[in-house]
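Breakdown of the fold
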Amino acid sequence: MSTSDEKQVGYVYSEEYVDLCCKMPRLEDRARLVHHLIQAYNLVDKMKVARPKPASIEEICAFHSSDFVNTLQACHNFDMEDEITSEMTEYGLGYDCPLFPDVFSYASFVTGGTITAARLLTSRCCSIAINWFGGWHHAKRDMASGFCYCNDVVLGVLHLKTVFDKILYIDLDLHHGDGVEDAFLMTDKVFTLSFHKYAPGFFPGTGSISTIGKGKGQYYTLNIPLKDGITDQKYTDLFHEVFTNVMQAFQPNAVVCQFGADGLVEDPMRSFNLTSLSLGKCLSDILSYNLPTLCLGGGGYNFTNTAKCWCYLTSIILEQKLDTQIPEHQFFDRYGPDFELFLSPSNRSDTNESSYVKEIREKTLG
Ligand SMILES: CC1(C)CN(C2CCCC2)C(=O)N1c1ccccc1/C=C/C(=O)NO
Ligand SMILES: [Zn+2]
């Protein structure tokens, strides 16, 4: 491991932070599984651990409206019996984005985690920074959406922009990164590139190939809409072609990548047929440019597979080879029956016909 700082890898973590992330409904103990697997593979000691502090109201309002933030803050002692007011639903709170007692501490802490990671890059302390508990890409300026309360991704990008001129944002989550795309649709300083499932009725419904940015931002937004069943090979081939083109044309000074793991095989979303190797190859492509890079989590609802995936990505960043056998640790028994680090694709059919992929290539690469 290089001792010089510029190769240092920052890892946003504290026990308090993980405990809070586990209060999120539907994500129960995912954060704990992720951290403990990274710890079990002895990777934490190879990184600079940065304790996050909650983002301040002022920091959150660098993107979100104060009305929205005040409403979210007022819900901080909401409990399940309370009725959901029309004001809450006006701000997207209550249904897709359930309210729970610590919702505001959760949202501000996760946002603070991503800003802390971004600060590690702008202070030049690290060249790569990781916040696996961030990546909540759907939240809008004045609306929670898709299980995302504050858009930590947008706030992380905004912080990076105080030092780096041009930022490339890459979204590899199964879902379209609509909140981040919206925030930077009209600027030529942030290029947003999203690979996602695009199908009738599939959330959030945006991210068609025809959305290319507006005004000064025209041609600085690129969407790669995909269909169910896509395989590692097809995904990584397409990523490599599109990504290298974007790097050549845009020449960013820093990169932010959201590695949502809900596109993995065996995820309850049951959509793509990807293994961790896909995200790993995309990450290696990104790291080959040696730019300041911020790595974020996102979706991922098969918790042990998400932990395996993000642990594997952490090992790529640290250039450490990992045993394929899950090491003994507090959550070892959750990884049965195979206790294997790597996933196997299913035999589900790939509905991305070659003609469709060819059409995507022609429309995006010209
Ligand atoms: C509530 C959860 C987040 C969980 N979930 C599945 C997983 C397993 C069984 C239900 C969803 O579809 N969700 C959603 C519900 C409404 C709107 C959006 C999402 C997911 C967004 C996302 O992942 N963006 O990257
Ligand atoms: Zn998702």
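Computed from a prediction, not measured in an experiment: that's the story for all the values here. Numbering of residues starts from 1 in every chain and runs along the sequence as written. Key to labels: chains lettered from A, ligands numbered from 1, both in the order written. Local features in this predicted model are restricted to residues whose pLDDT is 70 or higher, and side-chain atom pairs enter the listing and the counts only when it is 80 or higher, whereas totals over whole chains, interfaces and linings include all residues. Only heavy atoms go into the side-chain values, all of them from the structure, while hydrogens and water stay out.

Quick look at the nonpolar core now. Core analysis: the largest hydrophobic core is formed by 130 residues, its most contacted members being Trp132, Tyr149 and Phe259. Segments assigned H or I by DSSP are reported as helices when at least four residues long, segments assigned E as strands when at least two residues long, and all are numbered from the N terminus. Here this core takes 11 residues from helix α6 (residues 103–122), the largest share from any one element. Filtering out sequence-adjacent residues up to four positions away, phenylalanine 259 remains in contact with Trp132, Leu172, Leu279, Leu283, Ile286, Cys295, Leu296, Gly297, Trp310 and Leu313. Buried Ala, Val, Leu, Ile, Met, Phe, Trp, Tyr and Cys residues form a nonpolar core when they are joined through side-chain atoms within 4.5 Å. When accessible area is computed with a 1.4 Å probe and restricted to protein chains, residues below 20% of their type maximum are described as buried, those above 50% as exposed, and intermediate ones as partly exposed. Residues are treated as being in contact if the distance between any of their heavy atoms lies within 4.5 Å.

Right, let's get into the coordination of the zinc ion (ligand 2). Octahedral metal centres with six donors ideally show angles of 90 or 180 degrees, and tetrahedral centres with four donors ideally show 109.5 degrees. For Na, K and Ca the donor cut-off is 3.2 Å, and for all other metals it is 2.8 Å, counting N, O and S atoms only; because water is absent from this set, sites may look incomplete. Taken together, the protein ligands of the zinc ion (ligand 2) are Asp173 (OD), His175 (ND1) and Asp262 (OD), with distances of 1.9 to 2.1 Å. Any site counts as irregular unless it has four donors with all angles between 85 and 135 degrees, making it tetrahedral, or four or six donors with opposite ones more than 155 degrees apart and the rest between 65 and 115, making it square planar or octahedral. Coordination geometry of the zinc ion (ligand 2): the 6 donor atoms subtend angles of 30 to 159° at the metal centre, consistent with an arrangement described as irregular. Read in sequence order, the donor residues coordinating the zinc ion (ligand 2) give the pattern D-x1-H-x86-D. On the criterion of sequence distance, the pair formed by histidine 175 in the loop between β4 (167–171) and α8 (178–183) and aspartate 262 in the loop between β7 (254–258) and α10 (276–287) is long-range, its members being 87 residues apart. Taking the relative accessible area as the measure of exposure, histidine 175 reaches 8% and is therefore buried.

Below, the discussion takes up the UniProt feature "binding site: a divalent metal cation" (unreviewed entry) in the protein chain. UniProt positions are given in the numbering used here, feature names are shortened, and annotations may be inferred rather than shown by experiment. UniProt marks Asp173, His175 and Asp262 with the feature "binding site: a divalent metal cation" (unreviewed entry), using the numbering shown here. In summary, the annotated positions, though distributed over 90 residues, converge in three dimensions, the widest C-alpha pair being only 8.2 Å. Positionally, aspartate 173 belongs in the loop between β4 and α8. Sequence-distant contacts of aspartate 173, defined by excluding residues within four places in its chain, comprise His137, Phe195, His196, Gln258, Gly260, Asp262, Gly298 and Gly299. Those residues in contact with histidine 175, other than ones at most four positions away along the chain, are His137, His138, Ser194, His196, Phe202, Phe203, Pro204, Asp262 and Met269.

A few words on unusual backbone geometry. With omega at -5°, the peptide bond leading from phenylalanine 203 into proline 204 counts as cis. Among the secondary structure elements, proline 204 is positioned in the loop between β5 (190–197) and β6 (221–226). Put simply, glycine 336 and proline 337 share a cis peptide bond, and its omega is 0°. Mapping proline 337 onto the fold places it in the loop between α11 (303–317) and α12 (354–365). Backbone geometry places asparagine 290, a non-glycine residue, at a positive phi of 50°. Along the chain, asparagine 290 falls in the loop between α10 and β8 (293–296). Positive phi, close to 55°, is recorded for glutamate 319, a residue that is not glycine.

To continue, consider the site of ligand 1. Close to ligand 1 lie 13 residues, the nearest being His137, His138, Asp173, Asp262 and Tyr301. Histidine 138 is positioned with one of its side-chain polar atoms (N or O) 2.7 Å from a nitrogen atom of ligand 1. Accessible surface area values rest on a Shrake-Rupley calculation with a 1.4 Å probe, where residue burial reflects the displayed protein chains alone. Here ligand 1 has 540 Å² of accessible area as a free molecule, and 80% of this is covered by the chains. Residue classes follow a fixed rule: Ala, Val, Leu, Ile, Met, Phe, Trp, Tyr, Cys and Pro count as nonpolar, while Asp, Glu, Lys and Arg count as charged, and any other residue, Gly among them, counts as polar. Class assignment for the residues of the shell around ligand 1 results in 5 nonpolar, 4 polar and 4 charged. Here a residue counts as near a molecule or strand whenever at least one of its heavy atoms sits within 4 Å of it. Two N or O atoms count as a polar contact when they lie within 3.5 Å, although within protein this holds only if one can serve as hydrogen donor and the other as acceptor, and sequence-adjacent residues are included solely when both atoms are side-chain atoms.

Take the packing of helix α2 (residues 30–40) against α11 next. Helix axes use the C-alpha atoms of the stretch in contact, all axes being lines fitted to C-alpha atoms, and the angles between their N-to-C directions lie in the range 0 to 180 degrees. At a minimum axis separation of 9 Å, α2 and α11 run at an interaxial angle of 40°. Regarding the angle of α2 to α11, the classification is oblique. At the point where α2 passes α11, the crossing takes the right-handed sense. Two secondary-structure elements touch here, α2 through Arg30, Leu33, Val34, Leu37 and Ile38 and α11 through Phe303, Thr304, Thr306, Ala307, Lys308, Trp310, Cys311 and Thr314. Here the residues of the contact of α2 with α11 sort into 8 nonpolar, 3 polar and 2 charged. Reported orientations rely on four angle classes, namely roughly parallel under 35 degrees, roughly antiparallel over 145, roughly perpendicular from 65 to 115, and oblique for the rest. Crossings are sorted by hand: turned counterclockwise from the far helix by less than a right angle, the near helix makes the crossing left-handed, and turned clockwise it makes it right-handed.

The next thing to look at is the UniProt feature "binding site: substrate" (unreviewed entry) in the protein chain. The UniProt record annotates "binding site: substrate" (unreviewed entry) at Asp96, Gly146 and Tyr301. In this structure, glycine 146 sits in the loop between β3 (128–131) and α7 (152–160). Residue glycine 146 is classed as buried on the basis of its relative accessible area, which comes to 17%. In this view, glycine 146 contacts Asp96, Cys97, His138 and Phe203; residues no more than four positions away in its chain are not counted. Residue placement: tyrosine 301 occurs in the loop between β8 and α11. Ignoring any residue separated from it by four or fewer positions in sequence, one finds tyrosine 301 in contact with Leu27, Asp262, Asp267, Pro268, Met269 and Thr306.

Going residue by residue along β8, you find Thr293 and Cys295 tucked away on one face and Leu294 and Leu296 tucked away on the opposite face as well. As paired elements, β3 and β8 share 4 bridges and run parallel to each other. Bridge pairing links isoleucine 130 to cysteine 295 in β8. Two strands are said to pair when DSSP picks up at least two bridges between them. Sheet analysis places β7 next to β8, joined by 4 bridges and oriented parallel. By the bridge assignment for β8, glutamine 258 is matched with leucine 296.

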